[in-house]
Amino acid sequence: MRRAGVLLLAAVPLIAAGVYFVVPADSGDTEGASTATAAAPSSREDAKGRAEQERAADDALIAGLPPGLAAPDRKELAQQLVSSAENSTTEWRTAYGTIEDLGDGDGYTAGIIGFCTGTHDLLTLVERYTEAHPDNGLAGYLPALREVDGTDSHEGLDPGFTAAWRAEAEVPAFREAQEAERDRVYFEPAVRLAKLDGLGTLGQFVYYDAMVFHGPDTDAEGFYGLRERAMAEARTPARGGSEKDYLGAFLDVRRRAMEAKRPGIDTSRVDTAQRRFLAAGNLKLETPLEWEVYGDAYRAP
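Residues numbered from 1 in each chain as written. Predicted model: local features only at pLDDT ≥ 70, side-chain atom pairs only at ≥ 80, totals over all residues. Heavy atoms only, no water.

1. Concerning the pairing of strand S4 (residues 289–293)
Point 1. The side-chain alternation of S4 yields one buried face, formed by Leu289, Trp291 and Val293, and one unburied face, formed by Glu290 and Glu292.
Point 2. As defined by bridge partners, S4 adjoins strand S5 (residues 296–300) across five bridges and the pair is classed as antiparallel. The residue of S5 that forms the bridge with valine 293 is aspartate 296.
Point 3. Hairpin connection from S4 to S5: two residues lie between these consecutive antiparallel strands, with tyrosine 294 at a positive phi of about 55°. (Buried < 20%, exposed > 50% of the residue type's maximum accessible area, 1.4 Å probe, protein only. Helix = DSSP H or I, 4+ residues; strand = E, 2+ residues; numbered from the N terminus. Pairing = 2+ DSSP bridges.)

As C-alpha coordinates, this is what we get:
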(Lines give C-alpha, C1' and ligand atoms only; values in the text may rest on other atoms or scores of the structure.)
Protein backbone atom coordinates (compact mmCIF):
# COMPACT_ATOMS: atom_id res chain seq x y z
CA MET A 1 0.00 0.00 0.00
CA ARG A 2 2.94 2.28 -0.29
CA ARG A 3 4.74 3.95 -3.11
CA ALA A 4 8.32 3.38 -4.17
CA GLY A 5 10.30 2.77 -1.01
CA VAL A 6 13.40 4.73 -2.00
CA LEU A 7 14.52 7.42 0.39
CA LEU A 8 15.90 10.23 -1.76
CA LEU A 9 15.74 13.19 0.60
CA ALA A 10 19.15 12.72 2.17
CA ALA A 11 20.82 12.87 -1.23
CA VAL A 12 19.25 16.15 -2.28
CA PRO A 13 21.75 18.56 -0.64
CA LEU A 14 24.71 16.72 -2.13
CA ILE A 15 23.15 16.58 -5.57
CA ALA A 16 22.30 20.25 -5.48
CA ALA A 17 25.78 21.22 -4.45
CA GLY A 18 27.65 18.95 -6.84
CA VAL A 19 27.19 21.13 -9.95
CA TYR A 20 29.65 20.86 -12.84
CA PHE A 21 30.43 23.84 -15.07
CA VAL A 22 31.46 22.54 -18.46
CA VAL A 23 33.44 24.78 -20.82
CA PRO A 24 33.38 23.80 -24.52
CA ALA A 25 36.65 22.29 -25.70
CA ASP A 26 36.99 24.73 -28.61
CA SER A 27 36.56 27.86 -26.51
CA GLY A 28 40.26 28.22 -25.89
CA ASP A 29 39.61 28.97 -22.22
CA THR A 30 41.60 26.03 -20.89
CA GLU A 31 42.39 27.86 -17.67
CA GLY A 32 38.70 28.42 -16.96
CA ALA A 33 37.93 24.79 -17.73
CA SER A 34 40.59 23.46 -15.40
CA THR A 35 39.49 25.85 -12.66
CA ALA A 36 35.86 24.70 -12.95
CA THR A 37 36.92 21.07 -12.99
CA ALA A 38 39.03 21.53 -9.90
CA ALA A 39 36.27 23.42 -8.12
CA ALA A 40 33.65 20.72 -8.57
CA PRO A 41 35.25 18.09 -6.30
CA SER A 42 35.94 20.77 -3.70
CA SER A 43 32.31 21.87 -3.84
CA ARG A 44 31.12 18.31 -3.36
CA GLU A 45 33.46 17.80 -0.42
CA ASP A 46 32.24 21.03 1.18
CA ALA A 47 28.62 19.95 0.77
CA LYS A 48 29.39 16.53 2.21
CA GLY A 49 31.13 18.13 5.18
CA ARG A 50 28.18 20.44 5.84
CA ALA A 51 25.74 17.55 5.61
CA GLU A 52 27.79 15.54 8.10
CA GLN A 53 27.93 18.49 10.49
CA GLU A 54 24.18 19.03 10.23
CA ARG A 55 23.48 15.35 10.85
CA ALA A 56 25.79 15.36 13.88
CA ALA A 57 23.95 18.39 15.26
CA ASP A 58 20.60 16.66 14.68
CA ASP A 59 21.89 13.51 16.39
CA ALA A 60 22.93 15.54 19.41
CA LEU A 61 19.52 17.22 19.57
CA ILE A 62 17.64 13.92 19.33
CA ALA A 63 19.89 12.29 21.94
CA GLY A 64 18.69 14.85 24.46
CA LEU A 65 15.00 14.18 23.82
CA PRO A 66 12.72 11.55 25.42
CA PRO A 67 12.56 8.29 23.44
CA GLY A 68 8.94 8.89 22.48
CA LEU A 69 7.68 6.35 19.95
CA ALA A 70 11.09 4.62 20.02
CA ALA A 71 10.51 3.45 23.59
CA PRO A 72 9.88 -0.32 23.46
CA ASP A 73 6.30 -0.17 24.73
CA ARG A 74 5.39 2.73 22.43
CA LYS A 75 7.03 1.04 19.45
CA GLU A 76 4.98 -2.08 20.13
CA LEU A 77 1.84 0.07 20.30
CA ALA A 78 2.77 1.70 16.99
CA GLN A 79 2.99 -1.70 15.29
CA GLN A 80 -0.42 -2.64 16.68
CA LEU A 81 -1.97 0.58 15.39
CA VAL A 82 -0.47 0.19 11.91
CA SER A 83 -1.39 -3.48 11.78
CA SER A 84 -5.02 -2.70 12.57
CA ALA A 85 -5.10 -0.71 9.32
CA GLU A 86 -2.78 -2.89 7.23
CA ASN A 87 -3.90 -6.35 8.37
CA SER A 88 -7.13 -5.78 10.36
CA THR A 89 -5.56 -7.13 13.54
CA THR A 90 -3.39 -5.77 16.31
CA GLU A 91 -1.53 -9.09 16.39
CA TRP A 92 1.08 -7.85 13.92
CA ARG A 93 3.38 -10.85 14.37
CA THR A 94 0.80 -13.02 12.64
CA ALA A 95 1.39 -11.14 9.38
CA TYR A 96 4.92 -12.21 8.36
CA GLY A 97 3.50 -14.70 5.87
CA THR A 98 0.53 -12.73 4.55
CA ILE A 99 0.60 -12.08 0.82
CA GLU A 100 -2.13 -11.07 -1.64
CA ASP A 101 -2.85 -8.73 -4.52
CA LEU A 102 -5.21 -6.08 -3.18
CA GLY A 103 -6.02 -4.75 -6.64
CA ASP A 104 -4.54 -1.34 -5.83
CA GLY A 105 -1.95 -1.30 -8.61
CA ASP A 106 0.96 -2.21 -6.35
CA GLY A 107 1.16 -5.92 -7.19
CA TYR A 108 1.49 -8.34 -4.30
CA THR A 109 1.33 -6.83 -0.81
CA ALA A 110 3.10 -8.95 1.79
CA GLY A 111 4.48 -9.16 5.30
CA ILE A 112 4.23 -7.16 8.48
CA ILE A 113 4.29 -3.71 6.89
CA GLY A 114 2.77 -4.48 3.49
CA PHE A 115 5.90 -4.66 1.34
CA CYS A 116 4.83 -4.52 -2.32
CA THR A 117 6.22 -6.12 -5.45
CA GLY A 118 5.34 -2.99 -7.43
CA THR A 119 6.85 -0.38 -5.14
CA HIS A 120 10.49 -1.39 -4.69
CA ASP A 121 10.43 -2.09 -0.96
CA LEU A 122 9.71 -5.82 -1.31
CA LEU A 123 12.49 -6.13 -3.87
CA THR A 124 14.92 -4.34 -1.56
CA LEU A 125 13.92 -6.57 1.34
CA VAL A 126 14.57 -9.77 -0.66
CA GLU A 127 17.85 -8.41 -2.06
CA ARG A 128 19.19 -7.51 1.37
CA TYR A 129 17.98 -10.77 2.86
CA THR A 130 19.63 -12.74 0.05
CA GLU A 131 22.96 -11.00 0.64
CA ALA A 132 22.98 -12.44 4.16
CA HIS A 133 21.23 -15.73 3.31
CA PRO A 134 22.02 -16.62 -0.34
CA ASP A 135 20.22 -19.98 -0.32
CA ASN A 136 16.83 -18.70 0.82
CA GLY A 137 13.61 -19.77 -0.88
CA LEU A 138 12.93 -16.35 -2.44
CA ALA A 139 16.33 -15.75 -4.06
CA GLY A 140 15.30 -17.49 -7.28
CA TYR A 141 12.55 -14.90 -7.79
CA LEU A 142 14.88 -11.89 -7.75
CA PRO A 143 15.09 -11.58 -11.57
CA ALA A 144 11.28 -11.57 -11.78
CA LEU A 145 10.97 -9.12 -8.88
CA ARG A 146 13.31 -6.72 -10.67
CA GLU A 147 11.24 -7.00 -13.85
CA VAL A 148 7.89 -6.29 -12.19
CA ASP A 149 9.20 -3.51 -9.90
CA GLY A 150 7.12 -0.40 -10.53
CA THR A 151 4.18 -2.37 -12.00
CA ASP A 152 1.32 -4.54 -10.80
CA SER A 153 2.47 -7.48 -12.93
CA HIS A 154 2.85 -11.03 -11.59
CA GLU A 155 4.95 -12.14 -14.54
CA GLY A 156 7.58 -14.61 -13.42
CA LEU A 157 6.11 -14.74 -9.91
CA ASP A 158 3.09 -16.95 -10.44
CA PRO A 159 2.30 -19.59 -9.49
CA GLY A 160 5.03 -20.24 -6.92
CA PHE A 161 5.99 -16.93 -5.34
CA THR A 162 3.16 -16.67 -2.81
CA ALA A 163 3.85 -20.18 -1.49
CA ALA A 164 7.58 -19.42 -1.34
CA TRP A 165 6.90 -16.24 0.65
CA ARG A 166 4.70 -18.07 3.17
CA ALA A 167 7.30 -20.81 3.57
CA GLU A 168 10.16 -18.35 4.06
CA ALA A 169 8.07 -16.45 6.63
CA GLU A 170 8.45 -19.48 8.89
CA VAL A 171 12.22 -18.87 8.99
CA PRO A 172 13.24 -16.71 12.00
CA ALA A 173 15.95 -14.94 9.98
CA PHE A 174 13.39 -13.75 7.42
CA ARG A 175 11.11 -12.49 10.15
CA GLU A 176 14.03 -10.55 11.57
CA ALA A 177 14.80 -9.21 8.10
CA GLN A 178 11.23 -7.92 7.72
CA GLU A 179 11.43 -6.11 11.04
CA ALA A 180 14.86 -4.65 10.25
CA GLU A 181 13.70 -3.34 6.87
CA ARG A 182 10.54 -1.90 8.40
CA ASP A 183 12.65 -0.02 10.91
CA ARG A 184 15.30 1.11 8.41
CA VAL A 185 12.95 2.39 5.73
CA TYR A 186 9.88 3.52 7.66
CA PHE A 187 10.02 3.64 11.45
CA GLU A 188 13.40 5.19 12.20
CA PRO A 189 13.29 7.95 9.53
CA ALA A 190 9.74 8.91 10.53
CA VAL A 191 10.48 9.11 14.25
CA ARG A 192 13.72 10.99 13.66
CA LEU A 193 12.12 13.65 11.45
CA ALA A 194 9.12 14.03 13.75
CA LYS A 195 11.43 14.73 16.66
CA LEU A 196 13.34 17.30 14.62
CA ASP A 197 9.99 18.93 13.81
CA GLY A 198 9.29 19.18 17.54
CA LEU A 199 6.54 16.56 17.62
CA GLY A 200 5.70 14.33 20.56
CA THR A 201 4.82 10.64 20.53
CA LEU A 202 1.48 11.04 18.73
CA GLY A 203 3.08 13.18 16.03
CA GLN A 204 5.83 10.61 15.63
CA PHE A 205 3.19 7.95 15.04
CA VAL A 206 1.31 10.19 12.60
CA TYR A 207 4.52 10.50 10.55
CA TYR A 208 5.21 6.77 10.77
CA ASP A 209 1.78 5.71 9.58
CA ALA A 210 1.93 8.22 6.72
CA MET A 211 5.40 6.96 5.77
CA VAL A 212 4.05 3.40 5.61
CA PHE A 213 1.00 4.25 3.51
CA HIS A 214 2.37 6.93 1.17
CA GLY A 215 5.98 5.79 0.94
CA PRO A 216 9.21 7.66 1.78
CA ASP A 217 9.20 9.64 -1.46
CA THR A 218 9.96 13.27 -2.22
CA ASP A 219 7.26 13.69 -4.86
CA ALA A 220 3.95 15.42 -4.17
CA GLU A 221 2.12 12.25 -3.12
CA GLY A 222 4.96 10.75 -1.08
CA PHE A 223 5.49 11.37 2.62
CA TYR A 224 7.95 14.23 2.16
CA GLY A 225 5.65 15.94 -0.31
CA LEU A 226 2.78 15.74 2.17
CA ARG A 227 4.97 17.19 4.89
CA GLU A 228 5.96 20.13 2.69
CA ARG A 229 2.32 20.89 1.97
CA ALA A 230 1.40 20.68 5.65
CA MET A 231 4.25 23.02 6.56
CA ALA A 232 2.86 25.53 4.07
CA GLU A 233 -0.41 25.51 6.00
CA ALA A 234 0.90 25.50 9.58
CA ARG A 235 4.23 25.89 11.36
CA THR A 236 5.79 22.91 13.07
CA PRO A 237 6.47 23.20 16.81
CA ALA A 238 10.18 23.41 15.98
CA ARG A 239 9.36 26.61 14.06
CA GLY A 240 7.22 28.06 16.81
CA GLY A 241 3.86 26.63 15.80
CA SER A 242 1.19 24.80 17.73
CA GLU A 243 1.69 21.03 17.76
CA LYS A 244 -2.05 20.38 17.65
CA ASP A 245 -2.62 22.83 14.79
CA TYR A 246 0.24 21.44 12.75
CA LEU A 247 -0.85 17.82 13.19
CA GLY A 248 -4.38 18.82 12.23
CA ALA A 249 -3.03 20.39 9.04
CA PHE A 250 -0.90 17.33 8.29
CA LEU A 251 -3.87 14.98 8.71
CA ASP A 252 -5.98 17.24 6.47
CA VAL A 253 -3.31 17.14 3.76
CA ARG A 254 -2.92 13.40 4.12
CA ARG A 255 -6.63 12.69 3.93
CA ARG A 256 -6.94 14.73 0.74
CA ALA A 257 -4.00 12.85 -0.77
CA MET A 258 -5.55 9.48 0.08
CA GLU A 259 -8.85 10.47 -1.54
CA ALA A 260 -7.13 11.92 -4.61
CA LYS A 261 -5.17 8.73 -5.20
CA ARG A 262 -8.11 6.38 -4.60
CA PRO A 263 -11.53 8.08 -4.73
CA GLY A 264 -13.91 6.52 -2.25
CA ILE A 265 -11.10 5.10 -0.10
CA ASP A 266 -11.83 4.39 3.57
CA THR A 267 -9.83 7.00 5.52
CA SER A 268 -10.75 5.71 8.97
CA ARG A 269 -7.09 5.08 9.88
CA VAL A 270 -6.95 8.89 9.98
CA ASP A 271 -10.52 9.85 10.89
CA THR A 272 -11.40 7.48 13.74
CA ALA A 273 -7.91 6.70 14.96
CA GLN A 274 -5.28 9.45 14.71
CA ARG A 275 -7.80 12.29 14.52
CA ARG A 276 -9.55 10.87 17.58
CA PHE A 277 -6.30 10.83 19.59
CA LEU A 278 -5.54 14.40 18.50
CA ALA A 279 -9.01 15.69 19.39
CA ALA A 280 -8.58 14.21 22.86
CA GLY A 281 -5.30 16.10 23.24
CA ASN A 282 -3.41 12.83 23.68
CA LEU A 283 -0.15 14.14 22.24
CA LYS A 284 1.85 11.61 24.26
CA LEU A 285 -0.18 8.70 22.86
CA GLU A 286 -0.90 7.42 26.33
CA THR A 287 -2.92 4.27 26.89
CA PRO A 288 -5.63 3.13 27.16
CA LEU A 289 -6.47 3.88 23.55
CA GLU A 290 -9.66 3.13 21.66
CA TRP A 291 -9.96 3.49 17.89
CA GLU A 292 -11.80 2.17 14.87
CA VAL A 293 -10.52 1.16 11.42
CA TYR A 294 -12.75 -0.05 8.59
CA GLY A 295 -15.63 -0.35 11.07
CA ASP A 296 -13.73 -2.62 13.48
CA ALA A 297 -13.14 -1.43 17.04
CA TYR A 298 -9.79 -1.86 18.82
CA ARG A 299 -8.50 -1.14 22.28
CA ALA A 300 -4.98 -0.97 23.71
CA PRO A 301 -5.19 -1.34 27.51
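Next, the rest of the story.
2. Details of helix H4 (residues 121–132)
The α-helix advances 3.6 residues per turn, and as a result positions three or four apart in sequence lie on the same side.
Point 1. End to end, H4 covers 17 Å across 12 residues, agreeing with the expected 16 Å (1.5 Å per residue, within 8%).
Point 2. Residues of H4 that are buried include every one of Asp121, Leu122, Leu123, Thr124, Leu125, Val126, Tyr129 and Thr130, and no others.
Point 3. On its buried face, H4 is in contact with strand S2 (108–110), strand S3 (115–116), helix H5 (142–148), helix H6 (161–168) and helix H7 (172–196). (Expected span 1.5 Å × (residues − 1). Contact = heavy atoms within 4.5 Å.)

3. A word on unusual backbone geometry
A negative phi angle characterises most non-glycine residues, just as the trans form characterises most peptide bonds.
Point 1. In this chain, aspartate 158 is followed by proline 159 through a cis amide linkage whose omega measures 5°.
Point 2. Assignment of secondary structure puts proline 159 in the loop between H5 and H6.
Point 3. The residue serine 88 is not glycine, and still its phi comes out positive at about 55°.
Point 4. Note that serine 88 resides in the loop between helix H3 (72–86) and strand S1 (99–101).
Point 5. The backbone of leucine 285 sits at a positive phi, close to 50°, despite the residue not being glycine.
Point 6. With respect to the helices and strands, the residue leucine 285 is situated in the loop between helix H11 (268–279) and S4.

4. Considering the side chain of arginine 182
Point 1. For arginine 182, the location among the structural elements is in helix H7.
Point 2. For arginine 182, a relative accessible area of 3% corresponds to the buried category.
Point 3. Leaving out residues up to four positions away in the same chain, arginine 182 has contacts with Lys75, Gln79, Trp92, Ile112, Ile113, Phe115, Phe187 and Tyr208.

5. Notes on empty space enclosed by the protein
Point 1. Applying the stated criterion across every chain yields a total of four cavities of 30 Å³ or more.
Point 2. For the largest cavity, the calculated volume is near 50 Å³.
Point 3. Taken together, Leu81, Ser84, Ala85, Phe205, Asp209, Arg269, Ala273, Gln274, Phe277, Trp291 and Val293 make up the lining of the largest cavity.
Point 4. Where the lining of the largest cavity is concerned, the elements lending two or more residues are H3, helix H8 (201–214), H11 and S4.
Point 5. Looking at which element gives the most residues to the lining of the largest cavity, the answer is H11, with four residues.
Point 6. Class assignment for the residues of the lining of the largest cavity results in seven nonpolar, two polar and two charged. (1 Å grid on protein atoms, 1.4 Å probe; cavity = no way out; pocket = protein on both sides within 12 Å on 5 of 7 lines; lining within 4 Å. Points joined across faces, edges and corners; volume = space filled by probe spheres on them. Nonpolar A, V, L, I, M, F, W, Y, C, P; charged D, E, K, R; others polar.)

6. Examining the nonpolar core
Point 1. Counting 74 residues, the largest nonpolar core has Phe161, Trp165 and Tyr208 as the members making the most contacts within it.
Point 2. Discounting chain neighbours no more than four positions away, the residues touching tyrosine 208 are Leu69, Ala78, Gln79, Val82, Ile113, Arg182, Tyr186, Phe187 and Ala190. (Core = buried A, V, L, I, M, F, W, Y, C linked by side-chain atoms within 4.5 Å.)

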